[in-house]
Amino acid sequence: MLALPASLRSHEPIKYHAFTVDFIIEMIHRCFTKGNFNSRKGLNGVCSVHEYPGTFLGQSVRFKVTSVCGHVMTLDFIGKYNNWDKVDPAELFSKAPTEKKEANPKLNMVKFLQVEGRGVDYIVLWLDCDKEGENICFEVLDALQPVMTTPRGNERVIYRAKFSAITDTDINNAMNQLGEPNRNDALAVDARQELDLRVGCAFTRFQTKYFQGKYGNLDSSLISFGPCQTPTLGFCVERHDKIQSFKPEAYWVLQAKISNCAGDSMVLDWDRVRVFDREVAQMYLNMTKSTTETKVESVSKKEKVKQRPQALNTVEMLRVASSALGMGPQHAMQIAEKLYTQGYISYPRTETTQYPENFDLKGSLRQQANNPYWSDTVKTLLAEGINRPRKGQDVGDHPPITPMRSATETELGGDFWRLYEYITRHFIATISHDCKYLQTTIAFNINMEHFTCVGKTLISPGYTAVMPWQSLAEEETLPICERGDVFTVDEIKLLEKQTNPPDYLTEAELITLMEKHGIGTDASIPVHINNICQRNYVTVESGRRLKPTNLGIVLVHGYYKIDQELVLPTIRSAVEKQLGLIAAGKADFPPVLEHALNIFKRKFHYFVDSVAGMDELMEVSFSPIAETGKPLSRCGKCHRFMKYIQAKPSRMHCSHCDDTYSLPQNGTIKLYKELRCPLDEFELVLWSSGSRGKSYPLCPYCYNHPPFRDMRKGMGCNECTHPTCQHSLGLLGIVQCVECESGVLVFDPTSGPKWKMACNKCNVVVHFFENAHRVKVSSETCDVCEAAIIDVDFNKAKSPLPGEATQHSGCVFCDPVFQNLVELQYAKMRHPMHRGGGGQNRRRGRGRGRGRRPPGRNNPKKPKDKMAALAAYFV
């Protein structure tokens, strides 16, 4: 949850000060509440609003606290430029206008902010203290400033709170040191958003249409390109190429095993380490194998230190979460954000590894003094004095990630506890002492060949007491001996080994490479890694290693063949530096954006002209679309069978006409009773999301080429406005959806004996009349709610109708007989015209308004408590 503050003037003499915050309500109580505290839900039903009296700038005010949910606005192309079929991707670099749209229209966030902020006097913004947070600040201001009270003269009314943790101290300090939102940081984010939108969409649209039109088994619904995503994939494929090109080489190692009279044995390491010539290795073996005794040449002891870790930043947290905890970076980041919003840890997005001089390390440590998992270590540190953390890097964003309050496994549980435990142990380790140990090296001479054995003896565990996985292994200790001690040579043997190829990159290694080359930010790195997984470019193998798929490999090799800068990290790293200049106020937004877009525009045109180079690689790995899939339904043009291609994106292809037809995704497709569309003679197919979900027939041609003006591409028969077709909305539509504004509940005639109707817009599914022999939508409508009358016919043995009747007709919403045949199970269905009474005679001839909002629907009468219930499922 993100934060924003604003103020609201009332007709009373008191001023209202409203602000949105990102922390728990208890914090507000502790920090600011001095009177009555009222809470309610806002008009969008998602964001809460909390009001209470207090003081601000030395005057009495009434605070209003609410929140936003991530970005309020998102950048997109204007309507017509979102049509892939009608817009040349090259136009997206400069000609296509962009606009800010609500990021989540269903939340009505702009309206919500304006309603709550109307007449406000002051705004205090409590968004996340990073560049994205600054950008959201200005999105909030764009919504609120038009409805604020006009400031007097040069009166300052907009404030920015800077904080790194959700604690009483941090919140109060932030409130006492209010600043201003940073326009330059926000502009840097705007530039990155527009650059990624234009470049990503242009390349993605061209690649997707070109290759999916030629190959049938790519198994990816989108052949996407991203200025950060593609170099990320490039790192994975580069490691794959090294593995494939690796040629193992044999080498030999001389190993000696010795023991003393006390029975202590040691395995010695050969000082030459290894040789790659078999004959040379055999010579050394022959020189030493006849020796039966050896003396200790020297014993050296040196005290060494294993340094405690530096303070924790985001990248290191993600690395450890992947390598040690088995969590993907995006999953780990989501958990960290929730721990932060609940007040358990400080802000989890930071590149800094050095605590500021005034950071209260002891205060944070005292929070853990009574935690049963590490209380002994903490109490010892507090009593003996903490050790100053190692010097790290301060990039000026946020302090390192730090636990802010104590927690237990019972309190958090699962991955939340595992990540919190690591963060806390890491923090305690940073202010603990280094681990000290004595390293002993014993040297031996066996017939002029030198061998050594190295052991470690613990002096002080230091930080490893709280991070035991980094402690010294027990087998690293050696027996006590002195120079001249005699040992028996028990065995000398020659070991033949082979050099090994590198393994596939782990997520942790990939994160390191991305950080090193400036690909993404601490916040976006998890997103880029998740994207290449979602696009089926890599798969996550055992040990969270990333193995590229054929598609990922071919794409990267194709980029290298055409323009290696498209996949190398250099160009994106340079762009990030330019964006950093915008944030620092050293460069202007328009020229930086224009320069970067011009570079990628030229590269795009060259890529399009040279795509045959990548196509040659595709031909080797993937099958032509005409040779993919299985025959399913007949084409309406040539009347030959079209093939159904099940691999993502699923589609139909007619090899005779060389036409490809898109299909609905994420479901199953089968032939629909060999019935044909009355408009084009194409055989219908049935799409289904499962037995408890939605299903509807569709014409492959109409789905891609809407036959009527009021239809859009991607509509099935359940949205078709054909006036007489038996599969259309006109004949099977029942009533406006009970959940969404624009949908219609459409009867599914294929669903028997577990009959259902489903919304043709949203995911509402209504089950009714189970085990009925026949269900039919009548041509008549209910005179109360204008829903279609349903004719139901049961077998006599299974009829639930009163009086052993087998047939009944009525409105599923108003007919009392039907009320006992449908039950509410999951989603609440509130039909605006529900009645407890009503009967089967309340009907009239069907009008043209089936599926449209009936007259008076905007002001429905309040339904009675006893409503007819519907069994509904969101799928």
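Residues numbered from 1 in each chain as written. Predicted model: local features only at pLDDT ≥ 70, side-chain atom pairs only at ≥ 80, totals over all residues. Heavy atoms only, no water.

Turning our attention to the packing of aromatic side chains. Per the counting criterion, the structure on display carries 33 aromatic pairs. With a centroid separation of 4.4 Å and an interplanar angle of 25°, the aromatic rings of Phe203 and Phe225 are classed as stacked. Taken as a pair, Phe203 in helix α5 (residues 183-212) and Phe225 in the loop between α5 and α6 (229-245) lie far apart in primary sequence, 22 residues in all. Look at Phe747 and Trp755: their rings are 5.8 Å apart centre to centre, the planes differ by 25°, and that puts the pair in the stacked class. Each member of the pair, Phe747 together with Trp755, is buried. The aromatic ring of Tyr251 is capped on one face by Arg274, whose charged end is 4.7 Å from the ring centroid. Directly above the aromatic system of Tyr344 lies the positively charged group of Arg405, at a separation of 4.1 Å from the ring centroid. (Phe/Tyr/Trp six-rings, centres within 6.5 Å; stacked < 30°, edge-to-face > 60°. Helix = DSSP H or I, 4+ residues; strand = E, 2+ residues; numbered from the N terminus. Buried < 20%, exposed > 50% of the residue type's maximum accessible area, 1.4 Å probe, protein only. Lys NZ or Arg CZ within 6 Å of the ring centre and 35° of its normal.)

Direction vectors running N to C along helix α2 (residues 109-117) and helix α3 (residues 131-144) enclose 60°, while the axes themselves pass 8 Å from each other. In this structure, the crossing between α2 and α3 has a hand that is right-handed. Seen from α2, the contacting residues are Val110, Leu113, Gln114 and Gly117; seen from α3, they are Val140, Ala143 and Leu144. Broken down by class, the residue content of the contact of α2 with α3 amounts to five nonpolar, two polar and no charged. (Axes fitted to C-alpha atoms, helices over the stretch in contact; angles between N-to-C directions. Left-handed = near helix turned anticlockwise from the far one by under 90°. Contact = heavy atoms within 4.5 Å. Nonpolar A, V, L, I, M, F, W, Y, C, P; charged D, E, K, R; others polar.)

Within helix α15 (residues 525-534), burial applies to Ile525, Pro526, His528, Ile529 and Ile532. All buried residues of α15 fall inside an arc of 165° around its axis, so they share one side. Residues of α15 that are buried make contact with α6, α8 (314-323), α9 (329-341), α14 (507-517), β16 (538-541) and β17 (545-548). (Arc of directions from axis to C-beta.)

The next thing to look at is the sheet that holds strand β11 (residues 265-270). Pairing is antiparallel in the closed barrel, where six strands are placed in the order β10-β11-β14-β13-β12-β15. Taking each pair of neighbouring strands and ignoring which way they run, the sheet shows an average axis angle of 35°. Pairing between strand β13 (residues 435-446) and strand β14 (residues 449-460): 11 bridges, direction antiparallel. Each bridged residue has a counterpart across the sheet, and for Gln439 the counterpart in β14 is Lys456. Across the sheet, helix α7 (residues 278-288) touches β10 (250-259), β11, β13, β14 and β15 (486-498), and the angle it forms with β15 is around 170°. (Pairing = 2+ DSSP bridges.)

Turning next to the sheet that holds strand β23 (residues 683-688). Taken together, three strands build an open sheet; the order of strands is β22-β23-β24 and the sheet is antiparallel. Each edge of the open sheet carries a strand with a single partner, namely β22 (668-676) and β24 (695-698). Each neighbouring strand pair of the sheet contributes to a mean axis angle of 25°, computed without reference to strand direction. When β22 meets β23, the two strands line up antiparallel, connected through five bridges. Its bridge partner being in β23, Leu671 is matched across the sheet by Val685.

This structure, assessed with the given rule, holds 36 salt bridges. A salt bridge links Lys101 to Glu99; the nearest nitrogen and oxygen atoms lie 3.7 Å apart. Given the relative accessible area of 31%, Glu99 is considered partly exposed. Put simply, Arg545 and Asp503 hold a salt bridge, and the shortest N to O gap is 3.3 Å. One end of the pair, Arg545, is in strand β17; the other, Asp503, is in the loop between β15 and α14, with 42 residues separating them in the sequence. Taking the relative accessible area as the measure of exposure, Arg545 reaches 24% and is therefore partly exposed. (Salt bridge = Lys/Arg side-chain N within 4 Å of Asp/Glu carboxyl O.)

Contact geometry for α8 and helix α13 (residues 414-430): axes closest at 11 Å, N-to-C directions at 125°. The orientation of α8 relative to α13 falls into the category oblique. Note that α8 runs across α13; the crossing there is right-handed. Of the residues in α13, those in contact with Glu316, Met317, Val320 and Ala321 of α8 are Leu419, Tyr422 and Ile423. Its residues assigned to classes, the contact of α8 with α13 comprises six nonpolar, no polar and one charged. (Parallel < 35°, antiparallel > 145°, perpendicular 65-115°, else oblique.)

Further remarks concern the pairing of strand β30 (residues 788-793). It is a general feature of regular strands that their side chains alternate between the two faces of the sheet. Within β30, six of the six residues are buried, leaving the element largely enclosed by the surrounding structure. Alternating residues of β30 divide into Ala788, Ile790 and Val792 and Ile789, Asp791 and Asp793, and every residue in both groups is buried. As paired elements, strand β29 (residues 774-782) and β30 share five bridges and run antiparallel to each other. Within β30, the residue paired with Thr781 across the bridge is Ala788. Hairpin connection of β29 to β30: five residues between the antiparallel strands, including Glu786 at a positive phi of 65°.

Before going further, it helps to spend a moment on the environment of Leu195. Residue placement: Leu195 occurs in helix α5. Taking the C-alpha atoms as reference points, Leu195 and Phe93, 102 residues apart in sequence, are found 8.7 Å from one another. Filtering out sequence-adjacent residues up to four positions away, Leu195 remains in contact with Gly200, Arg572, Val575, Leu593, Ala596, Leu597 and Phe600.

Looking now at α7. Buried within α7 we find Ala281, Tyr284, Leu285 and Thr288. For α7, the buried positions fall inside an angular range of 100° around the axis, keeping them on one side. Buried residues along α7 sit against β10, β11, β13, β14 and β15. The N-cap of α7, judged by a side-chain oxygen 2.9 Å from the amide nitrogen of Glu279 a few residues on, is Asp277. (Polar contact = N/O pair within 3.5 Å; in protein donor to acceptor, adjacent residues only side chain to side chain.)

Moving on, we come to the state of the cysteines. Scanning all chains against the criterion turns up zero disulfides. Not part of a disulfide, Cys69 finds its nearest cysteine sulfur in Cys47, a span of 4.0 Å. On the basis of relative accessibility, which here comes to 34%, the residue Cys69 falls in the partly exposed class. With no disulfide partner, Cys129 has as its closest neighbouring cysteine sulfur the one in Cys137, 8.1 Å distant. Residue Cys129 is classed as buried on the basis of its relative accessible area of 11%. (Disulfide = S-S within 2.5 Å.)

Predicted coordinates in areas of low pLDDT are best not read in detail. Scored by pLDDT, the protein chain comes out at a mean of 84, with 89% of its residues at no less than 70. The model gives residues 1-26 a pLDDT under 50, and that stretch makes 139 contacts with residues more than four places away or in other chains. Taken together, the stretch residues 824-875 has pLDDT below 50 and engages in 133 contacts with residues farther than four places along the chain or on a different chain. (pLDDT = per-residue confidence, 0-100.)

What follows deals with the side chain of Lys64. Positionally, Lys64 belongs in strand β5 (residues 59-68). At 3.1 Å, the side chain of Lys64 and the backbone oxygen of Glu116 are in polar contact.

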